[in-house]
Structures are given as structure tokens and as C-alpha cells.
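# Analysis of the macromolecular model
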Amino acid sequence: MAQAYFRHLNYSLGDEDSSVELHALPADARHVVAVAGSGGRVVPLLARAPRKVTCVDISDTQLALTELRIAALRQLNHTEYLGLLGYEAMSIQRRLELLSSLPLSGSARTSLEPVRQAVQAGERIVYLGRFEGMLRTLSRIVGLFTGQRGRRMFEQPDVAGQRAWLDGGFPKGAWKLVLLLMGNSAVLNSLLYRGDFPKKNRPESAFRIYWDLFDRLFRTLPVRSSFFLQLVFFGELRYPEGYPIECDADVFLAAQRAARTADIIYVRGDIIQHVQEQRDVDFVSLSDVPSFLPPERERDFLNAMKPGLAPEALVVTRGHLRVASPEVQGYEVVSGRYEDAIAKERTQLWRIHFYQRRS
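Since the structure is predicted, the reported quantities are computational estimates derived from the model, not experimental observations. (Residues numbered from 1 in each chain as written. Predicted model: local features only at pLDDT ≥ 70, side-chain atom pairs only at ≥ 80, totals over all residues. Heavy atoms only, no water.)

### Topic: the overall build of the protein chain
Across its full length, the protein chain carries 16 helices and seven strands. On C-alpha atoms alone, the protein chain measures out to a radius of gyration of 20 Å, which is about the 21 Å that the 2.2 N^0.38 rule sets for 359 residues. In terms of its C-alpha atoms, the protein chain occupies a principal-axis envelope of roughly 55 × 50 × 35 Å. Taking all 359 residues of the protein chain together, the buried fraction comes to 58%. Residue pairs in contact within the protein chain that sit at least 24 positions apart in sequence constitute 73% of those at least 6 positions apart. In the structure as shown, the protein chain presents an accessible area of about 14,800 Å², 49% of it carried by carbon and sulfur atoms. Positive and negative side-chain charges in the protein chain, numbering 46 and 41 respectively, have mean positions lying 3 Å apart. (Helix = DSSP H or I, 4+ residues; strand = E, 2+ residues; numbered from the N terminus. Rg over C-alpha atoms; globule rule 2.2 N^0.38 Å. Buried < 20%, exposed > 50% of the residue type's maximum accessible area, 1.4 Å probe, protein only. Contact = heavy atoms within 4.5 Å. Areas by Shrake-Rupley, 256 points an atom, 1.4 Å probe, with all protein chains shown as cover. Lys, Arg positive; Asp, Glu negative; His and termini not counted. Charge placed at Lys NZ, Arg CZ, Asp CG, Glu CD.)

### Considering the packing of aromatic side chains
Two measures describe an aromatic ring pair: the distance that separates the ring centres and the angle between the ring planes. If you walk through the whole model with that rule in mind, you get 17 aromatic pairs. Centroid distance Phe-170 to Trp-175: 5.8 Å. Interplanar angle 75°. Geometry classified as edge-to-face. Accessibility classification places Phe-170 together with Trp-175 in one group, the buried group. An angle of 25° between the planes, with centres 5.7 Å apart, marks the rings of Phe-214 and Phe-228 as stacked. Remark: Phe-228 occurs in helix α12 (residues 227–234) and Phe-214 occurs in helix α11 (residues 206–220); sequence separation between them is 14 residues. When sorted by exposure, Phe-214 lands in the same class as Phe-228, which is buried. (Phe/Tyr/Trp six-rings, centres within 6.5 Å; stacked < 30°, edge-to-face > 60°.)

### Comments concerning a nonpolar patch on the surface
Taken together, the side chains of Leu-144, Phe-145, Leu-177 and Leu-180 define a hydrophobic patch exposed on the protein surface, amounting to about 410 Å² of accessible area. Within the secondary structure, Leu-144 is located in helix α7 (residues 130–151). (Patch = residues over 30% accessible without salt bridge, like charges linked within 9 Å, V, L, I, M, F, W, Y side chains within 5 Å. Salt bridge = Lys/Arg side-chain N within 4 Å of Asp/Glu carboxyl O.)

### A word on the pairing of strand β2 (residues 52–57)
Counting buried residues in β2 gives five out of six residues, a clear majority hidden from the surface. Bridge analysis of strand β1 (residues 32–35) against β2 gives four bridges, and the strand direction is parallel. Bridge pairing links Val-35 to Val-56 in β2. Here β2 runs beside strand β3 (residues 263–268); their pairing, made up of six bridges, is parallel. Within β3, the residue paired with Val-56 across the bridge is Val-267. (Pairing = 2+ DSSP bridges.)

### Quick word on the packing of helix α3 (residues 78–85) against helix α4 (residues 92–101)
Where α3 meets α4, the closest approach of the two axes is 9 Å, and the angle between their N-to-C directions is 105°. Classified by the angle their axes make, α3 and α4 are roughly perpendicular. On α4, the residues touching Glu-80, Gly-83 and Leu-84 of α3 are Arg-94, Arg-95, Leu-98 and Leu-99. Of the residues in the contact of α3 with α4, the class split is three nonpolar, one polar and three charged. (Axes fitted to C-alpha atoms, helices over the stretch in contact; angles between N-to-C directions. Parallel < 35°, antiparallel > 145°, perpendicular 65-115°, else oblique. Nonpolar A, V, L, I, M, F, W, Y, C, P; charged D, E, K, R; others polar.)

What follows is the structure in C-alpha cells.
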């Protein structure tokens with residue numbers, strides 16, 4: 001794994017729309033194992049009331065931020081939760097009060113001391129990650145190249161209006177230059193991955209991948225509904241309809257009820273190895289972990305996890321410029337069941353695959 005990359009707070013909001021995993025997770029699952037990330041990808045899974053959730057990450061800081069989110073979920077109301085994380089406005093003093101009131105472990109509080117200091121300085125938690133910082137930098141480049149004509153996409157009344165603006169008023173030439181920059185692996189390495197960016201294995205050029213991705217978003221989804229597009233064009237979230245699914249009031253309340261009774265644990269380590277050591281896991285949310293594995297482990301990760309999976313367990317993977325193609329003996333590829341949810345995913349950054357262990 002890319003240890004140098006994962007030593008710091010890389011994600012505080014994230015780049016995944018967890019509505020796909022929420023849609024796929026059966027209600028009342030016995031044991032869910034998920035990559036912790038920022039915690040924002042775990043919180044929605046609690047809305048399905050799993051009995052046990054294991055949050056796994058190789059980063060102490062990401063685990064600590066996940067613990068913070070779940071502690072806030074258990075203790076705060078919806079308005080306080082949004083304010084503490086920085087989705088909504090809140091005074092610095094109130095944020096600090098809420099942060100100090102959360103029952104965090106000693107190790108999590110130590111890991112999150114830089115976060116507390118950032119909050120004290122007026123920063124918002126959801127923008128503190130390296131990825132979010134990269135998107136904020138990118139937004140300035142987008143603004144420099146595309147100006148107000150680019151942002152007017154967000155002023156259109158509906159998807160039909162977006163299509164008309166894309167074809168008639170959007171600065172396509174300037175946008176092409178932005179995407180050529182985004183498709184440059186050296187730039188991505190420098191801005192985010194510090195040399196650890198997974199090697200692309202998709203046949204299309206990076207430029208074509210990004211051109212198609214954004215074209216699909218512009219033409220099929222209300223752009224205000226995508227937190228990813230808001231970050232790309234504004235460097236911040238301006239429209240509540242685009243907040244991640246953890247912010248949805250119904251999802252929040254369902255997750256809160258479950259979080260107060262579920263067994264939630266935090267494990268620092270290799271998620272594939274952890275699943276392998278279990279015996280009852282019936283849902284695994286791997287994010288893009290397979291993209292960072294060496295070739296032999298990338299091919300074998302499903303087989304490696306098999307001893308820890310219950311019959312008919314689901315494994316969900318994501319891949320961006322690199323998409324894993326594992327050996328699937330003993331599994332059924334069931335991605336087609338979730339085509340509609342995948343098509344509505346609000347970042348469109350990912351190729352998402354579902355594998356179900358055979359009975």
C-alpha cells in the first residue's frame with residue numbers, strides 16, 4: 001500500500017457518493033466491514049441498521065476522523081452535526097465546544113489535535129483533507145480558465161438548460177485545457193498523491209476519461225446536486241442539495257438510531273487481511289483499495305477474503321483510472337443489479353463493481 005500517501009489527513013469530505021453502497025446494503029446486516037476514509041462513507045451505511053460495523057484504515061488520522069463523525073452522529077442533532085463538520089455556518093466557539101464535548105478515545109483526540117487547531121483558526125473540517133485542498137486549488141484554475149461562463153452552468157433551471165448551455169454558452173476550449181491538466185498524472189501526483197498515484201490501466205486516455213465523466217454529469221444530473229462539481233467549480237459547497245448523503249436528514253436520523261446500539265469498532269490495518277480473519281462478514285465496502293495493491297494481490301483479493309465472508313456476502317469495489325480485475329472463482333459478478341444506483345452516483349469518478357460470494 002502507498003504508506004507515504006496515507007500518513008496524513010487525505011480526505012475530510014471525500015470523493016465518493018455512498019448512496020450506491022447504501023442502496024446495496026441489505027437491512028439488518030450482521031457485520032459490515034468498510035474502509036473508514038473520512039467517515040463520511042461509513043455513516044450512511046449505519047442507516048441500514050447493521051448490527052456490527054468495523055471501520056478499517058491504515059491511517060490513524062482517518063480512523064480518528066471517522067470516530068469523530070460517529071461520536072457526533074450519536075450525540076449531536078442534525079443541525080449541530082452539519083455545523084460542526086462545516087457544511088453549515090457555525091461560530092468558531094460553538095464548533096470548539098461541540099468538538100470538546102465528543103466522547104473520543106485518547107488516541108483519536110491526539111490524532112485530531114491539528115484538526116482542533118484548524119477549527120480554532122476558522123477552518124471547516126470538511127475542507128481540511130489533502131484531496132479537498134487539491135480540489136480547492138483546481139477550482140481556482142477552473143475559475144481562471146472558464147470564468148463566470150463556466151459557473152453559469154449552476155444557474156440553469158434544469159438538466160435541459162444545462163445541456164443547452166453546454167452546447168451554446170459553455171467555454172469548451174478553456175474547459176478542454178482544464179481537463180488536459182487534470183489528465184496529467186504528473187500534476188495529480190504533485191498535487192495529491194506525492195508519487196503514489198495508481199498506474200492507469202483503463203484503455204482510454206486520461207483526458208477522454210475526464211471529458212466523458214464531466215459530460216455525463218453535465219448532461220444527466222442537476223449540477224447543484226453534485227458536491228464534487230461544486231468543489232471543482234467553487235472550491236466549496238454552496239448548494240445544500242449537493243451535500244453528501246450523510247447530510248440527508250432522513251439518512252442522518254436512521255443512522256443515528258442505529259449508531260446508538262450498533263457495535264462499532266476501529267481497526268488500523270489492512271482491510272483485506274482483516275476480513276480474511278473474520279467468519280461472519282456479509283458486506284464489504286472496499287473503496288479503491290484494490291487499485292493500490294501489487295499485481296498479485298490485486299488479482300487475488302477476492303479469494304483472500306473468502307474465508308471471512310458469509311455465504312452470499314457482497315463485496316463492493318471502486319476504481320478510477322485504475323480498475324482491478326480480480327479472479328472471481330466462488331463469486332458471482334452482480335454489478336448489473338445496481339446499474340440505476342451507479343448511474344445516479346453524483347461524482348461519476350468511479351467504475352463500481354459488486355461481487356457476491358456463492359452459497
